[in-house]
Amino acid sequence: MFKKAKENAPCLIFIDEIDAVGRQRGAGIGGGNDEREQTLNQLLTEMDGFEGNTGIIIIAATNRPDVLDSALLRPGRFDRQVIVDTPDLKGRIKVLEVHARNKKLASEISIEAIARRTPGFTGADLANLLNEAAILTARRRKEAITMLEINDAVDRVVAGMEGTPLVDSKSKRLIAYHEVGHAIVGTLIKDHDPVQKVTLVPRGQAQGLTWFTPNEEQGLITRAQLKARITGALGGRAAEEEIFGHSEVTTGAGGDLQQVTGMARQMVTRFGMSDLGPLSLESQEGEVFLGAGLMSRAEYSEEVASRIDEQVRLIIEDCHQDAIRIIQENRTVIDRLVDLLIEKETIDGEEFRQITAEYTLVPDKDRFVPQL
Ligand code: ZN
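Numbers given for residues are sequential positions, taken from 1 along each chain in its written order. Predicted model: local features are reported for residues with pLDDT of at least 70 only, side-chain atom pairs are reported and counted for 80 or more only, and whole-chain, interface and lining totals are derived from all residues. Think of the side-chain values as coming from all heavy atoms in the structure, minus any hydrogens and water.

Colleague: Got a minute to help me understand the sheet that holds strand β3 (residues 195-199) in this structure?
Modeller: Backbone hydrogen bonds hold the strands of a sheet together, and the pairing may be parallel or antiparallel. Whether two strands pair depends on DSSP finding at least two bridges between them. A helix here means a DSSP run of H or I that spans at least four residues, while a strand means a run of E at least two residues long, and both kinds are numbered starting from the N terminus. The three strands are arranged β4-β3-β5 in an open sheet whose pairing can be described as antiparallel. Two strands bound the open sheet, and with one partner strand each, they are β4 (209-212) and β5 (346-348). Pairwise comparison of adjacent strand axes, ignoring direction, gives a mean angle of 10 degrees for this sheet. Both β3 and β5 contribute to a ladder of three bridges, which runs antiparallel. Among the inter-strand pairings, V198 is bridged to a residue of β5, identified as I347. Every angle, taken between N-to-C directions, lies between 0 and 180 degrees, and every axis is a line fitted to C-alpha atoms, over only the stretch in contact when it is a helix.

Colleague: Please explain the coordination of the zinc ion as it appears in this structure.
Modeller: Around a metal, the ideal angle is 109.5 degrees if four donors adopt a tetrahedral arrangement and 90 or 180 degrees if six donors adopt an octahedral arrangement. Taken together, the protein donors to the zinc ion comprise H178 (NE2), H182 (NE2) and D256 (OD), at separations of 2.0 to 2.1 Å. Note on donors: an N, O or S atom is included if it sits within 2.8 Å of the metal, or within 3.2 Å for Na, K and Ca, and water is never included, so sites can look incomplete. The sequence pattern describing where the donors of the zinc ion fall on their chain is H-x3-H-x73-D. Of this pair, H178 sits in helix α8 (residues 170-188) while D256 sits in helix α10 (residues 254-269), and the two are 78 residues apart along the sequence. Owing to a relative accessible area of 14%, D256 belongs among the buried residues under this scheme. The classification of residues rests on relative accessible area computed with a 1.4 Å probe and restricted to protein chains. Under 20% of the type maximum is buried, over 50% is exposed, and intermediate values are partly exposed.

Colleague: What am I meant to see in a nonpolar patch on the surface here?
Modeller: Patch rule: a residue counts if its relative accessible area is over 30% and it has no salt bridge; like charges are joined within 9 Å, and nonpolar side chains (Val, Leu, Ile, Met, Phe, Trp, Tyr) within 5 Å. Working definition of accessibility: Shrake-Rupley area with a 1.4 Å probe, residue cover restricted to the visible protein chains. Whenever Lys or Arg places a side-chain nitrogen within 4 Å of a carboxyl oxygen from Asp or Glu, that contact is recorded as a salt bridge. Taken together, the side chains of L12, F14, I57 and I59 present a nonpolar region at the surface, about 420 Å² in accessible area. Position of I59 among the secondary structure elements: in strand β2 (residues 56-60).

Colleague: Sorry if this is basic, but what is going on with helix α11 (residues 302-329) here?
Modeller: Given 3.6 residues per turn, any residue in an α-helix points the same way as the ones three and four places further on. The end-to-end C-alpha distance of α11, which contains 28 residues, comes to 41 Å, matching closely the 40 Å that a straight helix rising 1.5 Å per residue would cover. Here α11 has its buried residues at I308, Q311, V312, I315, I316, C319, H320, A323, I324, I326 and I327. Contacts are residue-level and defined by heavy atoms, with any inter-residue pair within 4.5 Å sufficient. Next to the buried residues of α11 lie α8, α9 (223-244), α10 and α12 (331-344). To estimate the expected span of a helix, count its residues, drop one, and scale the result by 1.5 Å.

Colleague: Sorry, what's going on with the pattern of salt bridges here?
Modeller: Close approach of charged atoms lets side chains of opposite charge pair. Within the structure shown, the criterion is met by 26 salt bridges. Notably, a salt bridge pairs E149 with R140, separated by 3.0 Å at the nearest N-O pair. Ionic pairing is found between R307 and E303, a salt bridge with its closest N-O pair at 3.9 Å. Of this pair, R307 and E303 are both found in helix α11, four residues apart, which corresponds to roughly one turn of the helix.

Colleague: Help me out: how do you make sense of the packing of aromatic side chains in this one?
Modeller: Each aromatic ring pair is specified by the distance between its two centres and by the angle formed by the two planes. We call Phe, Tyr and Trp rings a pair once their centres come within 6.5 Å, taking the six-membered ring for Trp, and we label the pair stacked below 30 degrees between planes, edge-to-face above 60, and tilted otherwise. Inspection of every chain in the model, using the stated rule, returns one aromatic pair. Geometrically, the ring pair formed by Y177 and F244 is edge-to-face, given 5.7 Å between the ring centres and 80 degrees between the ring planes. Taken as a pair, Y177 in helix α8 and F244 in helix α9 lie far apart in primary sequence, 67 residues in all. Charge over a ring is defined by NZ of Lys or CZ of Arg lying within 6 Å of the ring centre and within 35 degrees of the ring normal. Stacked on the ring of W211, the Lys or Arg K197 has its end atom at 5.5 Å from the ring centre.

Colleague: Quick question: what am I supposed to make of the packing of α10 against α11 here?
Modeller: Two quantities define a packed helix pair, namely the angle between the axes and the distance from one axis to the other. Axis separation between α10 and α11 bottoms out at 9 Å; the angle between their running directions is 125 degrees. One finds that α10 runs oblique with respect to α11. α11 is crossed by α10, and the crossing has right-handed handedness. On the side of α10, the interface is formed by V260, T261, A264, R265, M267, V268 and T269, while α11 contributes I308, D309, Q311, V312, I315 and I316. Taken together, the residues of the contact of α10 with α11 break down into eight nonpolar, three polar and two charged. Our angle categories are set so that under 35 degrees counts as roughly parallel, over 145 as roughly antiparallel, 65 to 115 as roughly perpendicular, and the remainder as oblique. Here is the rule for handedness: rotate from the far helix to the near one, and if that takes an anticlockwise turn smaller than a right angle the crossing is left-handed, while a clockwise turn gives right-handed. Asp, Glu, Lys and Arg are counted as charged, while Ala, Val, Leu, Ile, Met, Phe, Trp, Tyr, Cys and Pro are counted as nonpolar; the rest, among them Gly, fall into the polar class.

As structure tokens, this is what we get:
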């Protein structure tokens, strides 16, 4: 490859998934991988071998820059790193424009509106979104993609395939209370993202769903926002407890509780947001690379471990009490919203807020909308 490049200089060499050959040498359980290490050594030698300006530029891509051999990143080799994060609003508009080129969009469609609905989507997600919308359009025998197909496609990409709603039954009522529980807590806590819609139409694994409008600026999250999210996520279970009693609560809150525990634990061990003080006790979760020197254990004693557990429990219990209080204080409007939800199957955020505002004060959630 390098020989060919030199013959054709000036030229660019692009290596995709560089971690396949560029992984740290001598790492991994059961010793290294000779063939891979030879490839890497050869690569390092070639990159050093360029005399002056030979007109060859090497670009490589990886999702795992953390596992690369440090020799690769030395000056003279890959000495510049460009981090490609998920696209921001402007980026998403540009990506969508590219993928929309070969599709027929109705004139009413605003690419900007789609981009606003999709913070956190990667380029691949956006491509998938427009493909799903095109498939739905064909299935509905329409001439061009409308906003309806786009919205259905966003829901599908985020939460999975749509199922058939349950017939009216006790479990449908329970799911309705659970979802309204999430939505009312999310609506009445000032630091929570606003409700976008509540629905009893199942999707993927979920029997019902409450959608919140995500914030564009995902950068920094305050302690109040984290606690608001935990409280909101506990709203479903709190409603089940209050309305149906402790013995009738269901497994439906399993996913919520997992999320809640994860968030509370990070507040304690990573963000220094508990009585343990500003300590970083754990690195980012999900680092399961079994490489040399990376199999480090938790760097705290068992005593600290039990204090962490205690703090996690305290945060969750505090939020749980808040959620229960909100459910108790707003029982009348919750009952009305549940009846409406069972009748209509979906309530959008605006209507949800209007009805709630007839009974209690709904905090304003004007949020920063980035300017283009
Ligand atoms: Zn839930």
